[in-house]
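Structure assessment
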Amino acid sequence: MEDNKRKVTSNPSRKQCVSMIQRILMTEVLEKGRNQQFKKSTDFMTFFESLYPASPSLTKQVQRALHSMNLPKDENGYFIINKTDDQIQEDKEISNLLTYSKSEPFPLEQIALLFLPIEEPERSYLISLIQKSKTFQGKFTTMFSSSNGILFLTEQPAQLKTLIQSLM
């Protein structure tokens, strides 16, 4: 009986706190898409105090656990559980580059594939000629070398096919 009472009233270990904090934050991210509630250790205390008696040592243990996790924060100061500092910096760099280039995703529903079988070394040379060609300008969105030919992504497959056939 004494052992059960002692287990209920003792504070969680740092490892247990870390595990609980991770679960809390992951649940928040899964339910809302991102953490919009937890900025500092006191934000977790309601949860911990529902399981353990409130005490300064419990508060310190939660603070230590959060400190040891070294979680990055978003621009609003909320903890980020599913990314490292490096990933956040990469995302910012990607965001800046996409914003600067004014790039937008291009839906593939508008694109058709056209395959031109050709072996090396002719394939590489033909790709370089087509890239420079004024005749082929605007006829394809992109092209790339495949294992046994050239694959074109184009909005005008009939025109591109006709152009290629006219040059054969």
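Residues numbered from 1 in each chain as written. Predicted model: local features only at pLDDT ≥ 70, side-chain atom pairs only at ≥ 80, totals over all residues. Heavy atoms only, no water.

Let's shift gears to the layout of surface pockets. Its boundaries defined by the atoms lining it, the largest pocket holds a volume of some 300 Å³. Along the wall of the largest pocket there are 16 residues; nearest its centre are Asp74, Glu75, Ile80, Lys83 and Ile88. For the lining of the largest pocket, the leading source of residues is helix H5 (residues 85-101), giving three residues. For the lining of the largest pocket, the class distribution of residues is six nonpolar, three polar and seven charged. (1 Å grid on protein atoms, 1.4 Å probe; cavity = no way out; pocket = protein on both sides within 12 Å on 5 of 7 lines; lining within 4 Å. Points joined across faces, edges and corners; volume = space filled by probe spheres on them. Helix = DSSP H or I, 4+ residues; strand = E, 2+ residues; numbered from the N terminus. Nonpolar A, V, L, I, M, F, W, Y, C, P; charged D, E, K, R; others polar.)

Here we come to the pairing of strand S2 (residues 142-146). If a strand is regular, its side chains alternate between the two faces of the sheet. Sheet topology note: the S2/strand S3 (residues 149-154) ladder contains five bridges and is antiparallel. Considered in S3, the bridge of Ser146 is made with Gly149. Between S2 and S3, which follow one another and run antiparallel, lie two residues. (Pairing = 2+ DSSP bridges.)

Here the residue pair Glu120 and Pro121 is connected by a cis peptide bond, since its omega of 0° sits within 30 degrees of zero. Of note, Pro121 is situated in the loop between strand S1 (112-117) and helix H6 (122-132). Although it is not a glycine, Asn70 adopts a positive phi angle of roughly 50°. As for its placement among the helices and strands, Asn70 is situated in the loop between helix H4 (56-69) and H5. Given a relative accessible area of 58%, Asn70 falls into the exposed group. (Buried < 20%, exposed > 50% of the residue type's maximum accessible area, 1.4 Å probe, protein only.)

This part covers the pattern of salt bridges. Side-chain pairs of opposite charge can arise where the charged atoms are in close proximity. Under the defined criterion, the tally for this structure stands at five salt bridges. As a salt-bridge pair, Lys40 and Asp43 come within 4.0 Å of each other at their nearest N and O atoms. Taking relative accessible area as the criterion, Lys40 reaches 47% and is therefore assigned partly exposed. Between Lys83 and Asp91 there is a salt bridge; the shortest N-O distance is 2.5 Å. (Salt bridge = Lys/Arg side-chain N within 4 Å of Asp/Glu carboxyl O.)

Quick look at the nonpolar core now. Generally speaking, nonpolar side chains in soluble globular proteins are found buried as a group. Among the nonpolar cores identified, the biggest contains 20 residues, and Ile21, Leu25, Phe44, Phe48, Val62, Leu71 and Phe79 are the most heavily contacted of them. Counting only elements with at least two residues in this core, the list comes to helix H2 (14-32), helix H3 (45-51) and H4. The greatest single-element share of this core, amounting to seven residues, is contributed by H2. Contacts of Leu25, omitting those with residues within four sequence positions, involve Asn35, Phe38, Phe44, Leu71, Phe79 and Ile81. One finds Phe136, Ile150, Leu160 and Leu163 within the second-largest nonpolar core, a separate group that totals 13 residues. (Core = buried A, V, L, I, M, F, W, Y, C linked by side-chain atoms within 4.5 Å. Contact = heavy atoms within 4.5 Å.)

Mapped onto the fold, Glu28 is located in helix H2. Setting aside residues up to four positions removed in sequence, Glu28 forms contacts with Gly33, Arg34, Asn35, Gln36, Gln37 and Phe38.

Attention shifts here to the confidence of the model for the protein. The predicted model of the protein has a mean per-residue pLDDT of 89, with 95% of residues at 70 or higher. Taken element by element, the protein is modelled with least confidence in helix H1 (residues 2-9), mean pLDDT 50, and with most confidence in S3, mean pLDDT 94. (pLDDT = per-residue confidence, 0-100.)

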